[in-house]
Amino acid sequence: MKRSPLVVVFLIVFIDLIGFGIIIPLAPYLATHVGATPFEVGFLMSIYSLMQFIFAPFWGKLSDRVGRRPILLMSLLGSSIAHLIFAFSSQLWMLFLSRAFAGFFGANISTAMAYIADVTEEKDRSKGMGLIGAAFGLGFITGPALGGILSHYGMKIGETPPFGMGFSALGASAICFLNFLVAIKVLKESLAKGTPIKEKESRLLTIKRYIARPTLGFLIVLTFVSTFAFAHMESTLALFVKDLWDWDIIHASFAFAYVGLISVFTQGFLIRKLMPRYGEPRLLFFGLFLAAIGLAGIGFSHNVIQLIFSVTIMGLGMGLFNPSNLGSISLLAGIREQGAVMGVSQSFSALGRILGPASGGFIYEEAGVRFPFWIGAGVMFVGFLVLLRVYKKLPNSKLAHDPEKEKNKNYMTIGHYQFNNIIQNPVFYVLLDFRKENKNPVLLKYRKEVTLENYREALGEQPKDFAIVVVCEDGKISQQAAQELSDNGYINVVLLGGGTQSLKNS
């Protein structure tokens, strides 16, 4: 993996999330000072995500056309301006204006994800996406911390909440602008020159096309489900600790900072250790289950110890789920549509952050202080049950990266995009097909049905440099055969990672 570009993109997303993070713990406390109703407080949290939902596909598709670098640079400068407006806001409409402006330029996350997809190999894709999650976590630490501590310090000087909030926003604005200047020098374009561009289509057709794909569409919808449920916590946790235990803004801010700390540890460190060993499907499964349990546990908490334990479980679950889900979506998308697919995915994530806070606030007021967490957990658990039905169809980068055999690996693992290029072009190769059943036929030229016992006979007297393509249902048998072929001196062996199951999912 290329380190330098990933670090720069990581910083871009991190700074973008600072502005979002400073609002979350402050909103309930700010409401009484600027005259906002509880609904207006929730909508203030939603306006940023509303703008992301509208513009994320636009930025993603534009980055496919003009490149990732200019879009990311523009987003940094725009975010700096938005935070500057926020710093000097003294009325509610000004706060709404600044957050809307930040959301418009904050819709760069899809571009950042496409950038990571450009500079990482498939086996490192989910680990690269983990950097996005780590940036979210760090923003969730830094934002609330600055929003709490600096606003408290600023209020002592200026005696008004807007002045105190300005300390955090000014800091975010300054950092964004400095990062913009640094990125001008160090951020390189990741999109290869001459990459063909698909014909323009409407936003609705783009969403419909990707949602209609088996497995890929489900994962995009699951992005909405998990974000919607998590937003119940974001919008009501400060109210929860304030109403039950009379916490002040400093304590509430550090509760959110702790959530971010768990997310950073999981997505910035733990995911890198677990992904090569277990792969995306298992971490998706286990992460969503933990997140549901932790979210429900917050609602059952009657003291700080129980709250800390539940928040830790929830943070670990979301930290495992998010990069695994993003990596799976990326693996199911073609190389020329990464920006568009990530744009659609982030639109659904933004939709969850639009509806989630409003839903959580309404449930909090109408049903009780514990119900937003229970209902959010229930929504996640429904997604978990559906995940069980498609579990075997999920892509798995682990199939392309076996640490135990990496030193002796002389074959190449390819994805469905490269595989389709091979079989649809008039090139000479031998295709060894280890599939036992062919219920969903895939057009394979020069196909030879073989077993591990007789595939050498199918090769005949082919020279050692002849191209050999190996395939099976799930990629496991073909991986074993490819290793044996490479051990026996064949130098042009490729296998389809994930098997023909990955073709059905694409």
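Residues numbered from 1 in each chain as written. Predicted model: local features only at pLDDT ≥ 70, side-chain atom pairs only at ≥ 80, totals over all residues. Heavy atoms only, no water.

## Comments concerning the side chain of H232
Put simply, the test is: Numbering goes from the N terminus for both helices and strands, where a helix is a DSSP run of H or I of at least four residues and a strand is a run of E of at least two. Polar contact is the term for a pair of N or O atoms within 3.5 Å; when the atoms are in protein, one must be able to donate a hydrogen and the other to accept it, and sequence-neighboring residues count only if both atoms are side-chain atoms. Whether two residues are in contact is decided by their heavy atoms, any of which lying within 4.5 Å being enough.
Locating H232 in the fold gives a position in helix α9 (residues 216–245). Within the structure, H232 has its side chain in polar contact with the side chain of S359 (distance 3.1 Å). Contacts of H232, omitting those with residues within four sequence positions, involve G356, S359, G360, I363, P372 and G376.

## Considerations on the confidence of the model for the protein
Threshold: The pLDDT score gives, residue by residue, the confidence of the prediction method on a 0 to 100 scale.
Of the residues in the protein, 75% have a pLDDT of 70 or more, and the chain-wide mean is 75. Within the protein, the element-level pLDDT minimum falls on strand β3 (residues 447–449), averaging 59, and the maximum on helix α13 (residues 371–390), averaging 86. Within the model, the stretch residues 400–407 combines pLDDT values under 50 with nine contacts to residues more than four positions away or in other chains.

## Some words on the nonpolar core
Rules: Within this scheme, the nonpolar core is defined by two criteria: the residues are buried Ala, Val, Leu, Ile, Met, Phe, Trp, Tyr or Cys, and they are joined through side-chain atoms within 4.5 Å. The classification of residues rests on relative accessible area computed with a 1.4 Å probe and restricted to protein chains. Under 20% of the type maximum is buried, over 50% is exposed, and intermediate values are partly exposed.
Ranked by internal contacts, the top residues of the largest apolar core, which has 99 residues, are L187, M233, L237, L295, I298 and M380. Ranked by the residues each element gives to this core, the list is headed by helix α1 (residues 3–34), at 14 residues. In this structure M233 touches F256, V259, L295, I298, M314 and F373, once residues within four positions along its chain are discounted. Counting 15 residues, the second-largest nonpolar core is a separate cluster that includes V450, L459, C472 and V493.

## Some details on a nonpolar patch on the surface
How we decide: To count toward a patch, a residue needs a relative accessible area above 30% and no salt bridge. Like charges then connect within 9 Å, nonpolar side chains (Val, Leu, Ile, Met, Phe, Trp, Tyr) within 5 Å. A 1.4 Å probe and the Shrake-Rupley method give the accessible areas. Residues count as covered only by the protein chains that appear here. Note on definitions: salt bridges are taken to be side-chain nitrogens of Lys or Arg within 4 Å of carboxyl oxygens of Asp or Glu.
A surface patch of nonpolar side chains, about 490 Å² in accessible area, is lined by L77, I81, F177, L178, L181 and I184. Elements with a contribution of two residues or more to the nonpolar patch: α3 (68–87) and α7 (161–186). The element best represented in the nonpolar patch is α7, accounting for four residues. Mapped onto the elements, I184 comes out in helix α7. Residue classification places I184 among the partly exposed residues on the basis of a relative accessible area of 37%.

## Focus: the side chain of S345
Relative to the helices and strands, S345 is located in helix α12 (residues 338–366). In this structure S345 comes out as buried when scored by relative accessible area, which is 0%. Not counting residues within four places of it along the chain, the set of residues in contact with S345 comprises I220, T223, L326 and I329.

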